[in-house]
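So the chains spell out like this:
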Amino acid sequence: MKEPIVAAAAALFRERGFAATSMQEIADAVGLTRPALYYHFRNKEEILESLVEEITLKSIRKTLLIDAAHSTDPGEKLRTIVTAYALWILRHPQHFAVLSRDEQDLPQRARDIQRQGRRELLQAFSHVIRAGIDAGRFRVVDPTVTTLSIFGMCNWTIQWFKPEGRLSEEQVAKDIADLAVSMIQRPLLSKEATHDDVRSWLAVLKDDISHLEHSLLRTAKSG
């Protein structure tokens with residue numbers, strides 16, 4: 001019974017805000033009496049904490065499991081975790097909208113869970129990106145900035161995605177993941193490139209130099 005309660009509360013919190021929503025309204029939304037609702041949750045702060053834990057902790061677990069179990073290819077690993085994260089948001093828009101809108105008004109424990117979870121998720125994504133850079137598969141980019149940019153693409157779907165629209169959740173998640181990977185993959189010469197294709201050669205050469213500098217810095221730090 002807790003899941004439908006949290007889902008109904010999320011919709012009300014998104015529409016009216018956490019502070020303006022009462023336990024009676026949440027009970028009415030799921031067809032329960034107030035005493036029955038209090039059997040599951042002591043107050044709306046506890047409902048909100050459950051919502052934060054559901055979204056934040058499951059996002060982290062999904063990402064870490066994929067990171068540990070998926071292919072060693074950095075591009076495919078990044079594609080998989082971005083797809084999973086985007087789908088998680090697309091399928092729980094009310095929950096994420098509440099966290100985005102009311103973060104400053106969250107009770108302290110819920111705020112702590114949210115911020116800690118966001119840090120851990122940022123670290124998990126950054127780890128995959130950093131590993132791809134070190135392996136020579138990704139361009140030398142700032143992993144934190146890149147991760148936050150990916151989060152931005154995923155989180156913004158709350159504002160524009162329509163389930164009844166022309167694209168499915170799966171297609172949108174796939175497109176976002178493709179964009180995330182393509183924006184940091186190292187430039188490669190196509191089979192059709194010729195010696196006269198100066199721009200392609202220069203792009204590859206510049207990236208090779210960036211990776212050489214990156215490798216030298218890593219060696220210097222480790223030494």
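See above for the structure.
These figures come from a predicted structure and were not determined experimentally.

Procedures and definitions
- Residues numbered from 1 in each chain as written.
- Predicted model: local features only at pLDDT ≥ 70, side-chain atom pairs only at ≥ 80, totals over all residues.
- Heavy atoms only, no water.
- Axes fitted to C-alpha atoms, helices over the stretch in contact; angles between N-to-C directions.
- Helix = DSSP H or I, 4+ residues; strand = E, 2+ residues; numbered from the N terminus.
- Parallel < 35°, antiparallel > 145°, perpendicular 65-115°, else oblique.
- Left-handed = near helix turned anticlockwise from the far one by under 90°.
- Contact = heavy atoms within 4.5 Å.
- Nonpolar A, V, L, I, M, F, W, Y, C, P; charged D, E, K, R; others polar.
- Salt bridge = Lys/Arg side-chain N within 4 Å of Asp/Glu carboxyl O.
- Buried < 20%, exposed > 50% of the residue type's maximum accessible area, 1.4 Å probe, protein only.
- Expected span 1.5 Å × (residues − 1).
- Polar contact = N/O pair within 3.5 Å; in protein donor to acceptor, adjacent residues only side chain to side chain.

Chemist: So what about the packing of helix α7 (residues 108-134) against helix α8 (residues 143-155)? Which residues, and what values?
Modeler: Interhelical geometry of α7 versus α8 gives an angle of 120° and a closest axis separation of 9 Å. In terms of axis orientation, α7 runs oblique to α8. Crossing hand, α7 versus α8: right-handed. Here α7 contributes Leu121, Leu122, Phe125, Ser126, Ile129, Arg130 and Ile133 to the contact with α8, which in turn contributes Pro143, Thr144, Thr146, Thr147, Leu148, Ile150 and Phe151. Classifying every residue of the contact of α7 with α8 by side-chain character gives nine nonpolar, four polar and one charged.

Chemist: Got a sec to walk through the pattern of salt bridges? Specific residues and values, please.
Modeler: In the structure shown here, the tally under the stated rule is nine salt bridges. Between Asp178 and Arg79 there is a salt bridge, with the nearest N and O atoms lying 2.4 Å from each other. A residue pair is termed long-range when its members are at least 10 positions apart, and Asp178 in helix α10 (residues 169-182) and Arg79 in helix α5 (residues 74-90) qualify at 99 residues. A relative accessible area of 23% means that Arg79 is categorised as partly exposed. With its nearest N and O atoms 2.8 Å apart, the salt bridge here joins Glu170 to Arg91.

Chemist: Summarise α5; cite the residues concerned and give the values.
Modeler: Helix length check: α5 (17 residues) gives 24 Å between terminal C-alpha atoms against 24 Å at 1.5 Å per residue, within 8%. In terms of residue burial, α5 counts as a mostly covered element, since twelve of its 17 residues are buried. For α5, the side-chain oxygen to backbone nitrogen distance between the N-cap and Gly75 is 3.2 Å, and the N-cap itself is Asp73.

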